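# An overview of the molecular structure
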Amino acid sequence: MRAGGAACTLPLFADNQKEPLEMSETVILPGGRSTVRRRGPFIPPLLVIPFVLYNLLAFAMFGGLPGGWSSQLFSIHMVSGTDWSLTWGDLMLLIGIICLFFEVLKSTNTGRSSLIEHMLSTVLFIVFLVEFILVGAAASSTFFLLMAMSFVDVVAGFSISITGAGRDVTME
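Fair warning: this is a prediction, and the values are worked out from it, not measured in the lab.

All right, on to a nonpolar patch on the surface then. Together, Phe-42, Leu-115, Ile-116, Met-119, Leu-120, Phe-158 and Ile-162 make up a nonpolar patch on the protein surface, roughly 640 Å² of accessible area in all. Elements with a minimum of two residues in the nonpolar patch: α3 (112-134) and α4 (141-168). Tallying contributions element by element places α3 first for the nonpolar patch, with 4 residues. Within the element layout of this structure, Ile-162 appears in helix α4. The class for Ile-162 is exposed, based on a relative accessible area of 61%.

The subject of this paragraph is helix α2 (residues 88-106). Compared with an ideal rise of 1.5 Å per residue, which puts 19 residues at 27 Å, α2 spans 27 Å between its outermost C-alpha atoms and is within 8% of the ideal. Turning to α2, its buried residues number three or more, namely Gly-89, Met-92, Leu-93, Gly-96, Cys-99, Leu-100, Glu-103 and Lys-106. Projected down its long axis, α2 shows its buried positions confined to an angular sector of 125°, all on one face.

The rules we used
Residues numbered from 1 in each chain as written. Predicted model: local features only at pLDDT ≥ 70, side-chain atom pairs only at ≥ 80, totals over all residues. Heavy atoms only, no water. Patch = residues over 30% accessible without salt bridge, like charges linked within 9 Å, V, L, I, M, F, W, Y side chains within 5 Å. Areas by Shrake-Rupley, 256 points an atom, 1.4 Å probe, with all protein chains shown as cover. Salt bridge = Lys/Arg side-chain N within 4 Å of Asp/Glu carboxyl O. Helix = DSSP H or I, 4+ residues; strand = E, 2+ residues; numbered from the N terminus. Buried < 20%, exposed > 50% of the residue type's maximum accessible area, 1.4 Å probe, protein only. Expected span 1.5 Å × (residues − 1). Arc of directions from axis to C-beta.

See the structure below:
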């Protein structure tokens with residue numbers, strides 16, 4: 001049927017027929033799998049993990065002093081003859097990078113819950129920023145880089161969602 005509501009028929013001719021054949025308005029679609037896209041469950045911002053770990057360690061182990069993040073966790077003697085050491089701050093940044101990777105993967109989902117997840121990521125960035133400015137234990141380069149990861153998560157999440165949503169919308 002057309003947009004105006006009138007039926008539309010197309011004249012079809014057989015090889016040796018003078019009268020046009022009527023076309024049926026019934027459309028038969030082949031069977032098959034449904035194309036319903038499954039949405040994942042709601043997952044809160046993963047960068048809350050390094051945020052909570054940072055605060056727990058900063059106040060429980062380091063006494064609220066930001067200098068504790070540069071203390072050595074362990075050291076490995078390398079074949080080159082030098083020692084490679086891992087600090088608490090390095091470990092925290094590694095955890096943050098892993099969480100950021102999964103956050104970017106999460107942002108490729110489009111759906112109702114993704115908007116809430118992006119808003120919570122924005123709130124987490126604001127909490128990072130406020131704590132960095134106001135709390136002395138957060139005045140470290142480790143916390144600043146975690147805050148930068150949170151900002152990248154916010155920008156990347158909205159950018160990827162907007163790009164993906166633009167592909168989902170078709171204009172005629």
